[in-house]
Structure formats: structure tokens, C-alpha cells
Amino acid sequence: MLELTTDIQYLKGVGEKRANLLRKKGIDSVGALLLYFPRAYLDWRHSTLLAECPFAETAVVKAKIVTPVRERAVRKGMTLYQFLAEDESAQMMVTLYNQKFLAEKLHVGAEYLFYGKVSGDFSLRQMSSPEIAESTAPSIQPIYPASPGVSSKMIEKLVRSALSLCETFPDILPEEIRRRNGLCDYRYAVRSIHFPALSEALESAKRRLVFEELFVLQTGLSFLKKRQRSTAGFTVQNGDWKAFSQSLPFSLTGAQQRVIHECVQDMKSGRSMNRLVQGDVGSGKTAVASALCYVAAQNGFQAAFMAPTEILAEQHFETLQGMIGKMGVTCALLTGSMTKKQKAQIKQDLQEGKIDVAIGTHALLTDDVEFARLGLVITDEQHRFGVVQRGKLGAKGQNPHTLVMSATPIPRTLGLIIYGDLDVSILDEIPRGRQKIATYCVDSSYRERIYRFLLKQLQEGRQAYVVCPLVEEEENSDLQSAEEYYENLKDGPFSSYSVGLLHGKMRPKDKETVMRRFAAGEIGLLVSTTVVEVGVDVPNATVMLIENAERFGLSQLHQLRGRVGRGVYASTCILISDSRSKDTLARLRIIQNHHDGFVIADEDLKLRGPGDFLGNRQHGLPEMKIADLFADREILHAAGLESERLFGEDPLLEKPEHDTLKKAIETLYKRLNEN
Ligand code: ADP
Ligand code: MG
């Protein structure tokens, strides 16, 4: 008896050799075969009159064979089979290459359907290697992604056989959920996705399978989240941070208060916190981190605060000194560039528990740094830290609470999924009184005027950034390179000011030096690539000029813009682009008109689609087979609600009707681990 779990090798028509080829495509069982979806459909139902087929386009033609099939060996190993076919409007010459088997099946005088590209001219139309089907029962034919040794036809045949031989089709979705959401059952769905009788059947099959995929994903992630909550090494008894907020020179935004509260609740719960704070540039993430370090110290445990660069670590150190150092919390900076002696002292103090909060770069991760009672680990700008690095620091304490702070807004719907194993808090409020950064999008004819504006800002004592897409000049490229730009500016219009260069190919030490000199005001104009993206605070910088702005993603442009407008001075962001593409200009206009990172991320997602949006990011999600996280976001939402509901009813999936779902989740975990 055939079941969905039956190994693919035992399906009729599959031997050991084919099974191996199929396994390479991820088809290892009958169930997996049924979930190997067509990439397109060939609709044999709609044929076109030959005379009306445009040349060089594919079409389905219904025609009668009017001459016997002529066999012609053109050279060794190449035999042509040719015949004429006609419909009421015209004739065409059909050519098959080496398809003896097919050619022998065709009958003169019979009518067939031909699918292919019409070539030739009005005097003689031609079709080479068309797909040919009987004209009696035209239907919709699935086309599968083929690979060497596995043709679309072969998969089609196997799917047909699996559908007819398989006896039980256990449904992952409990009946109640199907009913509530108007979804068809599994058997009907797989049959219709492969061999849809009608377009409507295809639609409802798709909806059901998308729902299922998103439902399994979300349910699986919720379980993961629950499972990872281990008992915390340190629990907050006294969660009072009033004294902290009262000591600040400003009042915390509502969002900051809410997020601090959420984190403190986590740390009180007895389970270790595992949370992500997503906050737009300038939303005040450092103050949130300070509050939590303060709470940790009040409760007698240590905190570690990691930043991706030394300068950022130094800035955080100074900020924390100012905010909580004066309240009796002992803070210390530990970075790679300190002297051996300094480092040794701090390490000893950490080990003896004399230091409450350690701030640093990944140097905090080295094996000889030991903490007496590490209970809280915060990493800033997490997209620069790998999961492994995060885990390493975590291992230094006993299940410390972990908080990850990211300045890259991910649209809410996606964020919940991408950070599946983390709880997410959102800092969606910018402190009051912050001025908007005036943003302009212009073409390069404005460059002279822009330089005059830059010079004026420098004269007034302000600083500016210029960002270029390339590091060095490349052949055949119209793109601005940072090196060339830097040479031109420093010897040209800006020769009386200090111009600096910063790019990713420089040694880390040199980068730090340049950045430090810029932060100290010794460099007035900094020509850079996107390495300035990460959260350094230079309040005196007021202009962000971006060359070839069309080359950057919207979220990236938003991050870059966030480098200015951090002080009391009015700030400007200028995007230069000579692109004439309507889409590109529409994208740049979004930056010009919006200042909220989440709105921009949403727009970006809409324009690019999730594939591109998530593109190179290491998000660790399994690839979706049929669902599109953006286009199907309504189904995503509905499936999420059902997943939550199920979680409430049967938190361990113990009911027999949830057996199939449980198995599907186990398969998902396997795929997650393989990623
Ligand atoms: P980011 O979220 O980008 O890391 P920062 O933590 O660097 O933002 O904060 C940006 C600036 O805003 C800092 O100068 C900080 O002192 C200030 N700031 C933070 N919170 C508030 C607040 N509630 N009111 C006013 N200014 C604030
Ligand atoms: Mg920051």
C-alpha cells in the first residue's frame, strides 16, 4: 500500500537510479512528490488559428496532419521528422528532431494539438519540436522544473501514478480550521494543483496549500520559541527603574518605556529573556540598553553590551557612564586596541565581579574574558553579528538574558517570522523635538550648487558625508568611486578643508582612525562607502550626500540618512541620481517623502517583493515552496491566528487529530537545521 511517507524509490516507475535523481530535487517520498509543484501550466484548451498566431511567439494550434511523416537523416546522430499540418486558416511545416518514438505514433489525417513557437513566414509557417497532444480531451497540463535525467513529463507521469495509487491522504489541517477558513481538503488540493480541471480549482488549491505552508511555519516557530525558554540563571527581583528615568536629562518616549517594561517583565519571569528590539535610527535604543544594565546591576548581576566597532563601543561606554555611571553602576570599556595591562586589569575586575557592566566589541568574546555573574547580554546592531557569536557570549553566563538591538526595520509581518525564535519589541517613536531631515532628490546637473552648499556648511563649522557606491574605479562603470571622488574633492573645491576617505577595503585599524578623527571634528568632509551605515553618532554632521542613489536599497538609504540630524543643527540629505527609470524615481521619492523606517521598509517590500528584500540577508528561514510572504500576507495573518488558537487548545500537539501536523513540524525543523 502506498502512503505519503513511502520512500520515492518504491513508487511504480521509479528505480534506484531515478530515485537518486529525484532525491536531489528534494523529492524523497510520495508526499514530497505531491508537493513538488508545477512552475507553470500549459493550457491546451485555448487554441489559436494558425493564420492569427504572431510569429516568434508560442501558441497552441489545433491542426490536422496532411502529409506522411518524412524521415531524413541530416548527419550522424541527427534525424529529422517532417510533415505538414493545417487548420482552416493556414498550413505549417512541423519538424521533430530525433523523436522517432513520437513520430511513429502520429497518424496522417488525424487532428492534434501543437504547442510551440511559430516561425517561418506567410508563405510557409513552421514549428520546431512542438509539444504534441491528442485533440480529443484538451486540458491544463502541468510543467515542472526539469533537471538532468528528470523531465517534466516524467514527473507528470509519476504524480499521476502517485495520485491514483495513494490510498490515504492524511490532512495536516484539522477539519475545523479548514471549515473556518473555507479551505479545501488535502487530496483535492494536491490533485487540483497538478491537474486543475478549471482555473477556479487551481485557485482554491493554491490558497489551501499556501495556508498550510504558512500555518506549519508559524506553528513550528511558536514551538521553537517555547522550547528555547530555559530557566534563567538570574532573575530580577526588583524591577524598579524609576530612579533611572528620573535622572535622565530628557523624558523617555512612550515606546522606550514600553520596551523597557517588556524586557524587565521577561527578566522577572524566571525564564531567560530572548528578545529583539527593532528601533528606527534615532529612536533611542541606547537609553533602553542603559535602563536594562541599570536593572541588572540593581539586582546584583553583570551585563555585557557589545557593539560591532570600537568607536561605537566607546560611544556607548560614554553614554552609559553619563546615564548610569553616576548612579553608582560601575561601567568598563574593553576593546582590542587597549594595552595588555589595561585589558588584564579589566578582565580581573570582571572575574572578581567588581565591574557591573562591560562594554566592548567582540573582544568581549575572547575565551580569557570571564564574568563572575553574567546575567544579561545586549548586542547592538545585530545584523553585523552572527548567530554563532551571539551564542558564544551567551555561553559565558548561566543562561543569561539576551537582548538584540537592530536598527534595520523589517516590516512587521515579516519580522515576526524572520526572528521566529525571538520575541520582538518595536521602538516606533522618535523622541519629540527631533527635526526632520530635509531630503532632496536631484540629478547631477545640481552638483555645483550642492558643492557650494557643502562649502557653506563647512565654513559654519559643520561636517558632512559623501557616500559613493564603489570603493575604487571600475572599468566601464558610470558609478562614482569613493577613491576617485576623494582625490577630486581634496585637491579641488574642498582643498582648504580636511577631507577623509573611508571604505570597506581599508584595514579595520585605519577605518577606526578615520572614523575617530571624523567624530572628533578633525575631518570635515568624509567620503565613504556604505561602511558609515552603522550607528555612529556625530551630532555636528549635517549633510549626507549620496551619489548614484539608485544603487542603494531604500532601507539602506534611510540608514545612511540617519547619520545626520543627530544634533541641534538643521540637517539635509541629498540623493543624486541620473536614472530616468520611472520605478527608480518612484523609489527615491519614497525616501524623500517618508521618514519612518517601518513605512519605508513596507514600501520597499512592496516594490521589490520578499525574495529580493530578504535577498542576501542571513535570515535562516526555509525556502517557501508555494507561499509568498508578502503577496500572501493576508493568508499569513489568518494562518497566524489559527496557529495561536491551536497553541492555546493543544499546546503539546497531543491530540490524535494533530498527529500529521506534528510530523510536518518535525520535517520543518529538519529543514531549518540544514539551513
Ligand atoms: P539609536 O536608536 O539610533 O541607537 P541613540 O540611542 O543613539 O539612537 O539615540 C539618539 C539620540 O537621541 C541620542 O543623542 C540620545 O541621547 C537621544 N535620546 C534618546 N532618547 C531620547 C528621548 N526620550 N528624548 C530625547 N532624546 C533622546
Ligand atoms: Mg544605536
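**Q** Sorry, what's going on with the overall build of the chain here?
**A** Of the regular secondary structure elements, the chain holds 22 helices and 22 strands. In terms of its C-alpha atoms, the chain occupies a principal-axis envelope of roughly 95 × 70 × 45 Å. Expressed as a percentage of its 675 residues, the buried residues of the chain come to 52%. For the chain, contacts bridging at least 24 residues in sequence account for 73% of all contacts bridging at least 6. As displayed, the chain offers around 32300 Å² of accessible surface, 48% of which is attributable to carbon and sulfur atoms.

**Q** Hey, could you run me through the site of ligand 1 in this one?
**A** The full set close to ligand 1 counts 16 residues, and Gln256, Gly282, Lys285, Thr286 and Arg434 are the nearest of them. Note that an oxygen atom of ligand 1 is positioned 3.0 Å from one of the backbone N or O atoms of Gly284. In this structure, Thr286 approaches ligand 1 through a side-chain N or O atom, which is 2.7 Å from an oxygen atom. Protein contacts shield 80% of the accessible area of ligand 1, which totals 570 Å² for the unbound molecule. Across the shell around ligand 1, the residue classes break down as 4 nonpolar, 7 polar and 5 charged.

**Q** Explain the pattern of salt bridges here, please?
**A** One side chain can pair with another of opposite charge once the charged atoms of both are near each other. Scanning the model with the defined rule gives 25 salt bridges in all. Residue Arg180 pairs with Glu176 through a salt bridge whose shortest N-O separation is 3.0 Å. With Arg180 and Glu176 both in helix H5 (residues 175–181) and 4 residues apart, the pair spans about one turn of that helix. The exposure class of Arg180 is partly exposed, given its relative accessible area of 33%. Sharing partners across several salt bridges, the network here consists of Asp171, Arg178, Arg208 and Glu212.

**Q** Hey, could you run me through the sheet that holds strand S13 (residues 357–360) in this one?
**A** The strands that make up a sheet pair up through hydrogen bonds in the backbone, lying either parallel or antiparallel. Judged by pairing direction, the sheet is parallel, and its 7 strands sit side by side in the order S12-S13-S11-S14-S15-S10-S16 without closing on themselves. Each edge of the open sheet carries a strand with a single partner, namely strand S12 (331–334) and strand S16 (423–427). Between one strand axis and the next, the sheet turns by 20° as a mean value, whatever way the strands run. Across 5 bridges, strand S10 (residues 274–279) lies against S16 in parallel orientation. In the sheet register, Arg275 faces S16, and the bridge partner there is Asp423. Of the strands in this sheet, S10, strand S14 (374–380), strand S15 (401–406) and S16 are in contact with helix H9 (residues 254–268), which crosses S16 at around 160°. Sheet contacts for helix H12 (residues 340–351): strand S11 (302–306), S12 and S13; angle to S12, the most-contacted strand, approximately 135°.

**Q** Explanation requested: the nonpolar core in the structure shown.
**A** Note that soluble globular proteins tend to have their nonpolar side chains buried in a common cluster. Judged by nonpolar contacts, the single largest core of 73 residues is most densely connected at Leu292, Ile324 and Ile546. In terms of residue count, the dominant contributor to this core is helix H10 (residues 285–298) (10 residues). In contact with Ile546, not counting residues within four places along its chain, are Val467, Phe552, Leu557, Leu560, Cys573, Ile574, Leu575 and Ile576. Core analysis: the second largest hydrophobic core is formed by 32 residues, Leu22, Leu34, Ile193 and Leu209 among them.

**Q** Help me understand the side chain of Arg208 in this model?
**A** By the element assignment, Arg208 lies in helix H7 (residues 199–228). Of the polar contacts made by the side chain of Arg208, one reaches the side chain of Asp171; its length is 2.9 Å. Apart from residues no more than four positions distant in its own chain, Arg208 is found in contact with Asp171, Ile172, Leu173, Arg178, Leu183, Cys184, Asp185, Tyr186 and Ala189.

**Q** Help me understand the sheet that holds strand S21 (residues 541–546) in this model?
**A** The strand order across the open sheet built from 6 strands is S17-S22-S21-S18-S20-S19, with neighbouring strands paired in parallel fashion. Here the strands that pair on one side only, and so sit at the sheet edges, are strand S17 (438–442) and strand S19 (499–502). Ignoring which end each strand starts from, the neighbouring axes of this sheet average 15° apart. In this sheet, S21 lies alongside strand S18 (residues 463–467) in parallel orientation, the contact comprising 5 bridges.

Analysis parameters
- Numbers given for residues are sequential positions, taken from 1 along each chain in its written order.
- Following the order in which they are written, the chains are lettered starting with A and the ligands numbered starting with 1.
- Totals for whole chains, interfaces and linings use every residue, but because this is a predicted model, local features are given only for residues with pLDDT of at least 70 and side-chain atom pairs only at 80 or more, for both listing and counting.
- To get the side-chain values, take all heavy atoms of the structure and skip hydrogens and water.
- In this text, helices come from DSSP runs of H or I with a minimum length of four residues, and strands from runs of E with a minimum of two, each type numbered from the N-terminal end.
- Exposure categories follow from relative accessible area, calculated using a 1.4 Å probe and restricted to protein chains: below 20% of the type maximum is buried, above 50% is exposed, and the middle band is partly exposed.
- Two residues form a contact once any of their heavy atoms are found within 4.5 Å.
- Working definition of accessibility: Shrake-Rupley area with a 1.4 Å probe, residue cover restricted to the visible protein chains.
- Here a residue counts as near a molecule or strand whenever at least one of its heavy atoms sits within 4 Å of it.
- Here a polar contact means two N or O atoms within 3.5 Å. Within protein one must be a hydrogen donor candidate and the other an acceptor candidate, and residues neighboring in sequence count only if both atoms are side-chain atoms.
- Residue polarity follows a fixed list, in which Ala, Val, Leu, Ile, Met, Phe, Trp, Tyr, Cys and Pro are nonpolar, Asp, Glu, Lys and Arg are charged, and the others, Gly among them, are polar.
- Note on definitions: salt bridges are taken to be side-chain nitrogens of Lys or Arg within 4 Å of carboxyl oxygens of Asp or Glu.
- Paired strands, as defined in this entry, are two strands with at least two bridges between them according to DSSP.
- All axes are obtained by fitting lines to C-alpha atoms, using only the stretch in contact for helices, and the reported angles, taken between N-to-C directions, cover 0 to 180 degrees.
- The nonpolar core is taken to be a set of buried Ala, Val, Leu, Ile, Met, Phe, Trp, Tyr and Cys residues, with the residues joined through side-chain atoms within 4.5 Å.

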